[in-house]
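# Inside the fold
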Amino acid sequence: MEAETAVAAPGPVDPPLVATEMAVPGDRPAFVVTGRGGACPRMIALHGMCGHGLGFVQAFQGAAREHGGVLGLQGDIPCGADGVFTKYSPNPEETDERIRKALAACGGAAEDLTIIGYSQGAYVGERLAERWPERYSRLVLLGAPTTPSAARLRDIQGAVLISGEFDAKYRMKDGTTGLLAAKIPAIYREMPGAHHGEMPEAERLMDDALDWLDANARPRPETKEQARVR
């Protein structure tokens, strides 16, 4: 009698590569590109002042899929009567709570996340990483309105700071210099031909930034539980 050949069960199938709207109880919808196999995102995208979360996420959805997926959180303050475009509350506790609720809605955990923030989103992301570096451990900051601070970001694992060619480049350049002086893994990148609010070649740019973080970020600090087991 011939031996039966074991057949491996099929692995998870990637859903279509498209940003989808996801309901969040008690809040505005979020926009989600899942990770491989439909996994809940490991990155949070924060758009600019009076921007829209869907367009920001769509700009780099291929790179997002390859690096764990992204959740685009809309602002909570409307910029006009129709409420289409929004900005974020200046209170980091409110934004952190909204992120945790959005991740819970797709079955994910609010820990060891990468924040991708543009303009006001970069400012908010820096404040989140300052308060909860174990939760928001890696940053990709684009066109921040203030110079990112090494004192605020001393406990993060790494950061990529990006400016457009025709933006106020000194902020992100000076921020990178400060982070490196504080021994925080960081690198500066520039978008050729870009003014503030523009993201040419966003897929290539973001894939490069996230690859750099994967290769150069500091290891995640050991938890008390891990130290006790060891």
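Here, the structure is the one placed above.
In this report, we go over the structure that sits alongside the text. (Residues numbered from 1 in each chain as written. Predicted model: local features only at pLDDT ≥ 70, side-chain atom pairs only at ≥ 80, totals over all residues. Heavy atoms only, no water.)

## Looking at the packing of aromatic side chains
- A complete count under the given rule lists three aromatic pairs for this structure.
- With a centroid separation of 5.5 Å and an interplanar angle of 75°, the aromatic rings of Phe 56 and Phe 60 are classed as edge-to-face.
- Its relative accessible area of 8% is what places Phe 56 among the buried residues.
- Residue classification places Phe 60 among the buried positions, given a relative accessible area of 0%.
- Taken together, a centroid distance of 6.3 Å and an interplanar angle of 85° make the contact between Phe 56 and Tyr 118 edge-to-face. Of the two residues, Phe 56 sits in helix α1 (residues 53–58) while Tyr 118 sits in strand β7 (residues 113–118), which places them 62 residues apart along the sequence.
- For Tyr 118, a relative accessible area of 6% translates into the label buried. (Phe/Tyr/Trp six-rings, centres within 6.5 Å; stacked < 30°, edge-to-face > 60°. Buried < 20%, exposed > 50% of the residue type's maximum accessible area, 1.4 Å probe, protein only. Helix = DSSP H or I, 4+ residues; strand = E, 2+ residues; numbered from the N terminus.)

## Here's the deal with the packing of helix α3 (residues 92–105) against helix α4 (residues 120–131)
- It is the contact of α3 with α4, at a shortest axis distance of 10 Å, that shows an interaxial angle of 85°. For the element pair α3 / α4, the angle class is roughly perpendicular. Contacts between α3 and α4 pair Pro 92, Glu 93, Thr 95, Asp 96 and Ile 99 from the former with Val 124, Arg 127, Leu 128 and Arg 131 from the latter.
- Class assignment for the residues of the contact of α3 with α4 results in four nonpolar, one polar and four charged. (Axes fitted to C-alpha atoms, helices over the stretch in contact; angles between N-to-C directions. Parallel < 35°, antiparallel > 145°, perpendicular 65-115°, else oblique. Contact = heavy atoms within 4.5 Å. Nonpolar A, V, L, I, M, F, W, Y, C, P; charged D, E, K, R; others polar.)

## Some thoughts on unusual backbone geometry
- Phi at Asp 112 takes a positive value of approximately 50°, unusual for a residue other than glycine.
- In this structure, Asp 112 sits in the loop between α3 and β7.
- Note on Asp 112: relative accessible area 29%, which makes it partly exposed.
- Its identity as a non-glycine residue notwithstanding, Lys 183 has a phi of 65°, on the positive side.
- The class of Lys 183 is exposed, set by a relative accessible area of 68%.

## So, α4
- Taking 1.5 Å per residue, 12 residues should reach 16 Å; α4 reaches 17 Å between its end C-alpha atoms and fits that length.
- All of the buried residues along α4 are Gln 120, Gly 121, Ala 122, Val 124, Gly 125, Glu 126, Arg 127, Leu 128 and Ala 129.
- As for α4, its buried residues are in contact with β3 (43–46), β6 (86–87), α3, β7 and β8 (136–142). (Expected span 1.5 Å × (residues − 1).)

## A few points about the side chain of His 67
- Summarising the element assignment, His 67 is placed in the loop between α2 (61–66) and β4 (69–73).
- A distance of 3.3 Å separates a polar atom in the side chain of His 67 from a polar atom in the side chain of Asp 211.
- Side chain to side chain, His 67 and Asp 214 meet in a polar contact 3.3 Å long.
- Residues contacting His 67, with those up to four places away along its chain left out, are Met 43, Asp 207, Leu 210, Asp 211 and Asp 214. (Polar contact = N/O pair within 3.5 Å; in protein donor to acceptor, adjacent residues only side chain to side chain.)

## Some words on the pairing of β3
- Burial of the side chains of β3 extends over both faces: Met 43 and Ala 45 are buried on one face and Ile 44 and Leu 46 on the other.
- When β3 meets β4, the two strands line up parallel, connected through four bridges. Each bridged residue has a counterpart across the sheet, and for Leu 46 the counterpart in β4 is Leu 73. (Pairing = 2+ DSSP bridges.)

## So, the sheet that holds strand β1 (residues 20–22)
- Here we have eight strands laid out as an open sheet, ordered β1-β2-β4-β3-β7-β8-β9-β10, and mixed in their pairing. Edge positions in the sheet fall to β1 and β10 (186–191), since each has one partner strand and no second. Averaged over all pairs of adjacent strands, the angle between strand axes in this sheet comes to 25°, irrespective of strand direction.
- Relative to strand β2 (residues 30–34), β1 runs antiparallel, the two sharing three bridges. Opposite Met 22, over in β2, you have Ala 30 as the bridge partner.
- Packed on one face of the sheet, α3 meets β1, β3, β4, β7 and β8 and runs near 130° to β4.
- Sitting on the sheet, α4 is in contact with β3, β7 and β8, with an inclination near 150° to β7.

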